[in-house]
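Summary of the model geometry
This is what each chain is made of:
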Amino acid sequence: MTPVQILFILVAAVTLGAALMVVNARNLVHAALWLIVSFGGVAVFYAMLNAGFLAVAQVVIYIGAIAILMIFAIMMTRNVAGDSSPRFNSSQIIGLVLALALFAGLVWMTLSWSGATTTPMPLDSRADPISQLGSALVSPDGYVLAFELASILLLGALVGALMIAWDRK
Amino acid sequence: MVPVEYYLGLSIVLFSLGALGVLIRRNAIIIFMSVELMLNSANLTFVAFANQYQLISGQIFVFFVMAVAAAEVAVGLALIVAIFQTKQSIDVDQINLLKG
Amino acid sequence: MNLSNASASLNAILPLVVVILWACALLLVDLFITKERKGLTALLAAIGMLASLIITLARLDLEAVVFNGMVTVDGFSNFLTVLFLGSGIVAVALSYDYLKRMGLEKGEYYVLLLFTVSGMMLMAVASDLIVVFLALELLSIPLYVLAGIATPRLDSEESSLKYFLLGSFSTGIVVYGIALVFGATGTTSLAGIVDAITAGSAGMGLLVAGAAMLLIGLGFKVALVPFHMWTPDVYQGAPSSVTAFMAIGAKAAGFAAILRIFIQAFPALSVDLTPVLWVLAALTMILGNVVAIAQRNIKRLLAYSSIANAGYILLALVPYGQSDVAADSVASALFYLLAYAFTSFTAWSVVIALEQVEGKGLELEDYAGLSRRYPILALTMTVAMLSFTGVPPTLGFLGKFYVFRTLLEGGFPGLAVIGVVTSLISAYYYLRVVVYMYMREGEPQAIRDPWLYIAATASAICLVVLGIFSQPLFAWASQAMLH
């Protein structure tokens, strides 16, 4: 086993373990902290997969913004944080069965996949992935339309969030 | 090198865990966290295959998923806080997603 | 791509650009409109959509593939764009007085409505899974907010939260499906997926898994059984004007995505997918219609009716893999969507006319005696119910007729029989509404808002007139083939 593979196994164990803790946690703040660990694990994978920019974006957006916003929301809805009512809903058995069925179905369908036929090329040290990413995002030959649409989407979401949070009579 | 199949397997487990959380938990914030786990699993798949095929488009997609997740989180948490102020609880049996 | 190419690309999606820019401008203009005069905002929103509609109608035969293949303007997208813009304008007409009565008047309502409509229009032209994903979110996020616009009323907030949680759950499933498709083919463009399948370089196991995830995720959006659990609660809790738009626009946009993705990119998977579609369609029709019988609340009744109708639309898709039937599949699905939109708007405008504050006036008993005091409303509701049931000569009858014909062409007589039998079952609860209105005594209360009456009677007249002269309409839908 190469060091990279050992690292993969370790990070995978941490990521999945943290995800399981999120699903199982009794305390909301603990769940949010485990969520941050899980996001961090995914960021490490991005770094291992030559996606340095996304690894940073993962830390900044998912951990720095989304998880922190969730913690804010938890604190604003405080009296449920340590609450003792049941964690799971009344149809937890059905939910468990459905999730297992989803897992089994995905495994079954992907097992018939013969696997990747190409091997990834070693990283070309001359090409700069970040500048590639940047120019693809805003070039008319690339994803400029999607980029603009994402900005419209963020504007709409902001207006909507403000309307709900602000306008309380 | 870690083969892409390993990443795929990892993402399937992570995705199923997220779906499990959505289906069995009562608390709206935890359900939402579980959705974020599902999105992360999809993102991981994208990045793994983008690396496999040496395509930038997989990474671009992840960028957009992150932007959309940020938009969703703003709206979702505003809703959750609003409902808490009305009801003093987000322990939502009405949000039992399996009941009509 | 040089600058003139870029402007040609923008020109191809001009109706969409107009709506988006109009929404952004309206957001600013609305600041200067006083709280008592929000009708002006409503009017401006409607004018923006009308302008976009006129542009679309002026170039109905426009076909273009722009933005590097991410956007395809063709007969299919033009048909749906007209449908979405028309729905948006009718939704404004239904909303204006309703919001005032319920004390919900907010200028942002119309801005968010415009954003949602632009997301739907984007869905009609999307031919890359990135754009499909963004369109899905652009139409969903404002709808989550609109469902909760009656805050701090609890039922509206809960409806909004439930819609949001299930919506983002289904988004997660869609994104994972797209990731698997990307893993199988190395591309997210629909044309690229077809190329990869033809070249034999696609990983078929992954591709089928991805297609299944996409079907589940979009199935939540259009409320197919067994992904329908959210529908009755959300439809009941959201303000009626929003529900009406949700039931029509969001469903049509979801089907736009399903039709475009499956017919254009996945015909090769039909061996695996057709049985799944068969079962989903049968379940949706049976459960939607049977559970609707037990409903006494008109909003829940229409919610189950919208579930059942999703089943009928899906029928058109079942034989999609047969290349000689695929064109009829698209045409009959589009025609059914149009018939469903007209019928739903007619029914919902009557519901809105009768609804009182605090959720009163929504039980079946509140419709008793409607024919005596409000004969026009009773008549429009009757037309809508007959059209839902599928009684000739209404548009609803023709919608079902074309769908069943497509099924028979594709060789699925068994499913067509289920469709006819469930239609007969549905007659029970649709006609019960008519019985209440004409044969029971009661003191119904309704408002007399001219815009609402115009919208209701106009769409009821369209249901009958277009039902009698449906040939040009179906011919138009038939041109909307996907290549």
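For the structure, see preceding data.
Here the structure is a predicted model, which is why all the values come from computation and not from measurement.

All names here are of chain C. The contact between helix α14 (residues 323–354) and helix α16 (residues 375–389) brings their axes to 9 Å, and the two run at 145°. The crossing of α14 and α16 is left-handed. Of α16, the residues touching α14 (which contributes T343, T346, A347, V350 and A353) are L377, T380, M381, V383, A384, S387 and F388. Grouping the amino acids of the contact of α14 with α16 by side-chain chemistry returns 8 nonpolar, 4 polar and no charged.

Looking now at the interface of chain C and chain A. With 30 residues of chain C in contact, the opposing surface of chain A contributes 24 residues. At the level of secondary structure, the elements contributing two or more residues to the side of chain C that touches chain A comprise α2 (14–29), α5 (107–125), α6 (129–147) and α9 (204–222) of chain C. A per-element tally of the side of chain C that touches chain A places α6 of chain C first, with 8 residues. By residue class, the composition of the side of chain C that touches chain A is 22 nonpolar, 5 polar and 3 charged.

Time to look at unusual backbone geometry. Each neighbour pair has its own omega, and for V225 of chain C with P226 of chain C the value is 10°, a cis peptide bond. Take P226 of chain C: it is sitting in the loop between α9 and α10 (231–237). Of the consecutive residues P392 of chain C and P393 of chain C, the connecting peptide bond is found in the cis state with omega at 5°. Considering the arrangement of structural elements, one finds P393 of chain C in the loop between α16 and α17 (395–410). Although it is not a glycine, Q54 of chain B sits at a positive phi angle of roughly 55°. Along the polypeptide, Q54 of chain B turns up in the loop between α2 (28–53) and α3 (56–87). For Q54 of chain B, a count of 15 C-beta atoms within 10 Å gives the class partly exposed. Although it is not a glycine, F67 of chain C sits at a positive phi angle of roughly 55°. By the secondary structure assignment, F67 of chain C is in the loop between β1 (64–66) and β2 (71–73).

Each partner contributes residues to the interface: chain A has 72 residues there, and chain B has 62 residues. Of all the elements in the fold, those that place two or more residues in the side of chain A that touches chain B are α1 (3–24), α2 (28–48), α3 (52–76), α4 (92–111), α5 (129–138) and α6 (144–166) of chain A. Counting residues per element, the side of chain A that touches chain B draws most heavily on α4 of chain A, which supplies 11 residues. The residue inventory of the side of chain A that touches chain B, partitioned by class, reads 54 nonpolar, 15 polar and 3 charged.

Procedures and definitions
- For every chain, the first residue of the written sequence is number 1, and numbering continues from 1 onward in sequence order.
- In the order they appear in the text, chains get letters beginning with A and ligands get numbers beginning with 1.
- This being a predicted model, a pLDDT of at least 70 is required before a residue's local features are given, and a value of 80 or more before pairs of side-chain atoms are given or counted; all residues contribute to the totals for chains, interfaces and linings.
- Lines fitted to C-alpha atoms define the axes here, with helix axes fitted over just the stretch in contact, and angles between the N-to-C directions of these axes take values from 0 to 180 degrees.
- Helix and strand labels come from DSSP, where a helix needs a run of H or I of at least four residues and a strand needs a run of E of at least two; each type is numbered from the N terminus.
- Left-handed describes a crossing whose near helix is turned anticlockwise from the far helix through less than a right angle; right-handed describes the clockwise counterpart.
- Each residue is represented by a C-beta atom placed from its backbone, and any two residues with such atoms within 7 Å are regarded as in contact.
- Polar here means any residue outside two lists: the nonpolar Ala, Val, Leu, Ile, Met, Phe, Trp, Tyr, Cys and Pro, and the charged Asp, Glu, Lys and Arg; Gly therefore counts as polar.
- Buried means a residue has 20 or more other C-beta atoms within 10 Å of its own C-beta, exposed means 12 or fewer, and partly exposed covers the counts in between; C-beta atoms are placed from the backbone.

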